[in-house]
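# Notes for the structure review
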Amino acid sequence: MEHDCGFTKDNKWFRYRAAAIIIEEDCVLFAGNEIDDYYYSIGGGVHMGESSEQAVKREVLEETGVPYEIDRLAVIHENFFNENQGSLKGMDCHEISMYYLMKSRGTRQLNSDSYSQGVREEMHWIPIKELDKHKAFPTFLKEYLSKEYSGIEHIVTDERKI
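Description of the structure in this document. (Residues numbered from 1 in each chain as written. Predicted model: local features only at pLDDT ≥ 70, side-chain atom pairs only at ≥ 80, totals over all residues. Heavy atoms only, no water.)

### Quick notes on the environment of His-3
Which entries qualify depends on this criterion: Strands here are runs of E lasting at least two residues and helices are runs of H or I lasting at least four, both read from the DSSP assignment and numbered beginning at the N terminus. Per-residue accessibility, obtained with a 1.4 Å probe over protein chains only, is compared with the maximum for each type, and a residue is labelled buried under 20%, exposed over 50%, and partly exposed between these values. What makes two residues a contact is simply this: any of their non-hydrogen atoms within 4.5 Å.
Here His-3 lies in the segment before β1 (6–9). When its relative accessible area of 52% is taken as the criterion, His-3 is described as exposed. Between the C-alpha atoms of His-3 and Glu-50, which are 47 residues apart in sequence, the distance is 10.0 Å. Sequence-distant contacts of His-3, that is, excluding residues within four places in its chain, are made with Val-46, His-47 and Met-48.

Quick look at the structure:
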């Protein structure tokens, strides 16, 4: 069994994550499930001994059933939040994610059969212009995708409820 780079201590939770920004036909791909009331980016924990590039390719294939290629590293995201539901309920969370822009394939067709923690995931193509109408995380993607970037952005978000 692989081990994600992360830890839990008392009510503190940390994770190193690799995530994908997949855009096809002016839509961006998010995952969702029947338990959570929001959409989330494609990706997951980086395993010990695995690069973030290897992790994002593995996660994208696991979640979409498609072997997307990396275009470039787009965003380094430091995310602070606390959770009021699910396995992280009551936790003070800190996550560092590497967001990779994936190369377009020219089609939104996927071969997804993904499960996360025993719950079936569904893939959702959301039009970029309609992202603000959806509860989708990370929240920075709404603004990020409305502009053109060529370098690596460093984004810090703090969504902790005090």
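### Remarks on the nonpolar core
This is how it is decided: Put simply, buried Ala, Val, Leu, Ile, Met, Phe, Trp, Tyr and Cys residues joined by side-chain atoms within 4.5 Å make one nonpolar core.
Judged by nonpolar contacts, the single largest core of 22 residues is most densely connected at Ala-20, Ile-22, Ile-42, Val-56, Val-60, Tyr-68 and Met-102. If you list the elements that add at least two residues to this core, you get β2 (12–21), β4 (27–33), β5 (39–45), α1 (52–64), β7 (92–102) and β9 (119–127). If we skip the residues at most four places from it in the chain, Val-60 touches Ala-20, Ile-22, Ile-42, Gly-65, Val-66, Tyr-68 and Met-102.

### So, the packing of aromatic side chains
Note the following rule: Each aromatic pair joins two rings of Phe, Tyr and Trp (for Trp, the six-membered one) with centres within 6.5 Å, and gets the label stacked for planes under 30 degrees apart, edge-to-face for over 60, and tilted for any other angle.
The full count for this structure, using the stated rule, is seven aromatic pairs. Ring centres of Tyr-99 and Phe-140 lie 5.4 Å apart, and the angle between their planes is 85°; this geometry places the pair in the edge-to-face category. Placement of the pair is Tyr-99 in strand β7 and Phe-140 in helix α2 (residues 140–144), with a sequence separation of 41 residues. Each member of the pair, Tyr-99 together with Phe-140, is buried. Aromatic pair Tyr-144 and Tyr-149: ring centres 4.5 Å apart, planes at 0°, arrangement stacked. Given a relative accessible area of 26%, Tyr-149 falls into the partly exposed group. Taken together, Tyr-99, Phe-140, Tyr-144 and Tyr-149 form an aromatic cluster joined through their ring pairs.

### Notes on the state of the cysteines
Counted only if it meets this: Working definition: a disulfide is two cysteine sulfur atoms within 2.5 Å of each other.
Inspection of every chain in the model, using the stated rule, returns zero disulfides. No disulfide involves Cys-5; its nearest neighbouring cysteine sulfur is the one of Cys-93, lying 17 Å away.

### A short note on the side chain of Arg-58
For Arg-58, the location among the structural elements is in helix α1. Not counting the four nearest positions on each side in its chain, Arg-58 is found in contact with Gly-45, His-47 and Glu-50.

### Concerning the pairing of strand β6 (residues 70–82)
We count it as follows: At least two bridges found by DSSP between two strands are what make those strands a pair.
Pairing analysis gives 11 bridges linking β6 to β7, with the strands arranged antiparallel. Within β7, the position partnered with Asn-82 by the bridge is Asp-92. By the bridge criterion, six bridges tie β6 to strand β11 (residues 153–158) in an arrangement that is parallel. Residue His-77 lies in a different strand from β11, and its bridge partner there is Ile-155.

### Thoughts on the environment of Ala-18
Here Ala-18 lies in strand β2. For Ala-18, a relative accessible area of 0% gives the class buried. Along the backbone, Ala-18 and Ile-96 are 78 residues apart, and their C-alpha atoms lie at a distance of 8.5 Å. Not counting residues within four places of it along the chain, the set of residues in contact with Ala-18 comprises Ile-42, Gly-43, Gly-44, Val-46, Ser-52, Ala-55, Val-56 and Met-98.

By themselves, these observations are geometric and do not establish any function.
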